[in-house]
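Survey of secondary and tertiary structure
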Amino acid sequence: MSTSDDTDKIIVSWFLDNACTSNSELAIISDVCKNWRDITVNHIATEAVKLATAESEDISNEVGNISLAKPSCTHQLIITDMARELVTKHQNDNNDKRKINTDGNFCLAWFAPSGIQTVPVPLNNDEDSTSSEEEESDSNGISINANSSMKVTCCSEWRGYRNADKVLEPFCYSDEFIKEVFDMSLQLANKDKGDASNDVTAKLFGSSTAKLSSHNYTPTYAVRGATLARPEGYCLCLDDDYIEHVNSSSNFTKPSHSKYHNVPCRIDNWMNDYGLSLKTNNELTPSQRKKKQNNLAQALLPRIVLSTRRKYPLLHRFAETDACENESEQHSLPFERRQRAVQFLNVDRSQAIKLITPKFDCGATSAPITMFLIGITTEDGCFVSSRDSRFELGHLYPLSSRDMQFDMSPICIATGKVGDINGVNDCEVVHRSGYRGHRSHEHETSSDTGSTDDSDERPVHCLCDFDSGDPFNPKNVSVDDPSEDCINHGATGPGLWHCYTAVFDGKDSIIRIDGCTEPKRTRQSYYGSAAMGDDDEDSDDADNPSNASRFVGSGILDGLSIGSDHQFDMSLCYGEIEGESGQGSIAELAVFKGRMPDCDIEVLEKYLMKKHGLLSVQEKKDYIAKENSNRMKPLDIEACHLQEDEWKRHAHALIEQRRPWKLDGLNVPLRVAANHHSVAWRRTNDITGQRMRITRIGAKNSNGSSDW
């Protein structure tokens, strides 16, 4: 080795050991030259094997602290954990009882638009949805013509990433570097055994295009939590290939919650609880089962929409002209994108839907947790939570009376506490009355759903790993709101597409929206310390503002409830009420164990925002300043994005309030109030951007534009 190579090795190794704290930094180092890449590959592989060996030998903490007294900075990086997990899995193929390692930073789940599985579902029960029909699709693969105006494109399941290249793509690692790291890790781990794999590359990266059945869509070394989400109640047990697999596979292991192995009969009992009332427990005929599956699809599958390419109403006017009424004729802004998204309403919009994952394959985890989400809700709603406990991200728990009255709460994250009876083991609770209760718990189950009030009957669960409860036999269980020491409030309200980032980490928890950290808000922010009476409050009081967020993340995250909280008490959407339905959609969701480094958070945010056509807060300011410099009449837009959001929410409250009109607050600019949907001359759907019909002002019986 030359002197130059020795110098490079010393410099790069020192940096990796002492200063490389993020995946983005490691990607840069690995891409400088071939020599630096080789040094980095060997370093990461050695670190991964060291960690895997320590785990497999189950050394004591004392010995482990000696052997890893000065761990490299890279041992907490995602790619290192992937290599460690790969080595551990390879060494324990025949040992299913190995100790599960939940330390480190790794991907728990990543659901992207490309993984949304579509199916046309008829609105009419008499239509046969199984007939083969030619469908036209747009550039995103969305069915735009199901050959029938009575069919709706729905999501039968959401498949998440499983491969390392997809998870590591935002950090700009080269494919060659990733492959070399995994190859080297296995070679070092097996050098004494002489069975190093020669086809690791094909094994790891060739599966990205493989056609897998749903029950084989299992977690991997790269995504260790969950890789499949399904509507609650529409479980794997309804799939013919899963039933065949259960009955024919010699190594099938039934889930711990299931007592029976006979899938068809078991699922017939499950399906008989809804609609078709059979007097016997005999198996359904194939035609009866298919009809039942169609009925379940109509009731339980969520809609799929395309997100609006114009996600910032304030910026629309830069691309609009008075002559262009048609959206297709208007100028496109350079950052506009459309992506497939799940809207959590069933086919006829009569009720809310949520997706669930199985329990995490790696086991339940706790803080720190880092979440990224691309989504929208037009009023209060929960984007995502844990399967069986509170671990929420959403617009919830209002701090002011105004936001409570008009369901315009700022973004927040909230978790339960370990041992909190209100936060754990309520997975059977389902409110499916067609609208959200806003925590009133006054829902009553509809009599035509076929549910039963027999409290002695054992709760029905599906046979597969989803452990889905019977969605048509709900129970109403009152759940208390979390105390302020379990909540971290931000400032931005609902109403627009955003890139949400949340770090659940106690007092160090943060919320970021569109690349900007949200200011931490408490009740004291609205009412002041004098009104709150802080001097009289116990310093250990859970609702004392000084204790806000100290227990955020102390609960457990054992799986995902997407589109609702774990109790289905505060869903992202709600069913139609007097012709209007709640609006909410999610386009992408990524969840990581550990607190991701700040620079990695920024890199991943930029990747997601570019992918979905979102601008960061700073990019919006720069864009407005540039466009205003070219206009004769610059648009007077408040520089503080939080002020614009506050005006928007207050304008909504001013217009929507009822007598006695005692709402106090800010003076709202006329341009903000004029954009409210009840007075705007032109209106588009906040979710999809489609033009909406505007009711004429004045008497509705006249043919004129207005009687005023």
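Residues numbered from 1 in each chain as written. Predicted model: local features only at pLDDT ≥ 70, side-chain atom pairs only at ≥ 80, totals over all residues. Heavy atoms only, no water.

**What about the overall build of the chain?**
Going by this rule: We count a stretch as a helix when DSSP gives it H or I for four or more residues in a row; a strand needs E for two or more, and each element gets its number in order from the N terminus. For each residue, the accessible area found with a 1.4 Å probe, counting protein chains only, is set against the maximum for its type, and the residue is called buried under 20%, exposed over 50%, and partly exposed in between. Contacts were defined at the residue level, with two residues in contact if any of their heavy atoms lie within 4.5 Å. Accessible surface area values rest on a Shrake-Rupley calculation with a 1.4 Å probe, where residue burial reflects the displayed protein chains alone.
Helix and strand counts for the chain come out as 18 helices and 19 strands. The 708 residues of the chain split such that 52% are buried. Within the chain, contacts between residues at least 6 apart in sequence are counted, and of these 76% link residues at least 24 apart. For the chain, the computed accessible surface area is about 33,200 Å², with 47% contributed by carbon and sulfur atoms.

**Here we look at the pattern of salt bridges**
Applied cut-off: Here, a salt bridge means any Lys or Arg side-chain nitrogen found within 4 Å of an Asp or Glu carboxyl oxygen.
One pass over the structure, following the stated rule, counts 26 salt bridges. A salt bridge links Asp81 to Arg84, with the nearest nitrogen and oxygen atoms 3.6 Å apart. One end of the pair is Asp81 and the other is Arg84, both in helix H5 (residues 78–91) and three residues apart, which spans about a single turn. Here Asp81 falls in the buried class, since its relative accessible area comes to 5%. In this structure, Glu392 and Arg390 form a salt bridge, with 3.5 Å as the shortest nitrogen-oxygen distance. Side by side, Glu392 and Arg390 carry an identical accessibility label, which is buried.

**Description of helix H2 (residues 23–30)**
Counting buried positions over the eight residues of H2 gives six, a clear majority of the element. Listed as buried for H2 are Asn23, Ser24, Leu26, Ala27, Ile29 and Ser30.

**Observations concerning the confidence of the model for the chain**
Worth spelling out the cut-off: A score from 0 to 100, pLDDT tells how confident the predictor is in each residue.
With 71% of its residues at a pLDDT of at least 70, the chain reaches an overall mean of 77. Across residues 275–279 the pLDDT falls below 50, and counting only partners more than four positions away or on other chains, this stretch makes eight contacts in the model.

**Comments concerning the state of the cysteines**
The following threshold applies: Any pair of cysteine sulfurs within 2.5 Å is marked as a disulfide.
Under the criterion given, the structure shown has zero disulfides. Here Cys412 is not cross-linked by a disulfide; its sulfur's nearest cysteine counterpart is in Cys382, at 8.3 Å. Cys412 sits in the buried class, given a relative accessible area of 1%.

**With respect to the nonpolar core**
Inclusion rule: Take the buried Ala, Val, Leu, Ile, Met, Phe, Trp, Tyr and Cys residues and link them wherever side-chain atoms come within 4.5 Å; each set so joined is a nonpolar core.
Core analysis: the biggest nonpolar cluster contains 65 residues, and Met82, Trp110, Leu168, Tyr173, Phe182 and Phe592 have the highest contact counts within it. If one sorts the elements of this core by residue count, helix H3 (residues 34–56) sits on top with seven residues. Not counting the four nearest positions on each side in its chain, Met82 is found in contact with Ala164, Val167, Leu168, Phe182, Tyr221 and Ala222. Formed by 39 residues, the second largest nonpolar core is a distinct cluster that contains Phe111, Ile411, Ile513 and Val591.

**Quick notes on the packing of H5 against helix H7 (residues 175–189)**
Selection rule: Only C-alpha atoms enter the line fits that serve as axes; for helices the fit covers just the stretch in contact. Angles between N-to-C directions range over 0 to 180 degrees. Angle categories are assigned with fixed cut-offs, so that under 35 degrees is roughly parallel, over 145 is roughly antiparallel, 65 to 115 is roughly perpendicular, and the rest are oblique. Working rule for handedness: look at the near helix, and if it is turned counterclockwise from the far one by less than a right angle, call the crossing left-handed; if clockwise, right-handed. Under this grouping Gly is polar, as are all residues other than the nonpolar Ala, Val, Leu, Ile, Met, Phe, Trp, Tyr, Cys and Pro and the charged Asp, Glu, Lys and Arg.
In the contact formed by H5 and H7, the axes pass within 10 Å of each other and the chain directions differ by 40°. In terms of their interaxial angle, H5 and H7 are classed as oblique. The two elements H5 and H7 meet at a crossing, and its hand is right-handed. The residues of H7 that touch H5, namely those facing Ile79, Met82, Ala83, Leu86, Val87, His90 and Gln91, are Phe177, Val181, Phe182, Ser185, Leu186 and Ala189. Here the contact of H5 with H7 is built from residues that sort into ten nonpolar, three polar and no charged.

**Topic: unusual backbone geometry**
A cis amide bond, omega 0°, links Ala367 with the succeeding residue Pro368. Residue placement: Pro368 occurs in the loop between strand S9 (355–356) and strand S10 (369–377). Even without a glycine there, the phi angle at Arg349 is positive, about 60°. For Arg349, the position within the fold is in the loop between strand S8 (340–343) and S9. For Asp467, which is not a glycine, the phi torsion comes out positive at approximately 50°. Within the secondary structure, Asp467 is located in the loop between strand S13 (411–415) and strand S14 (487–489).

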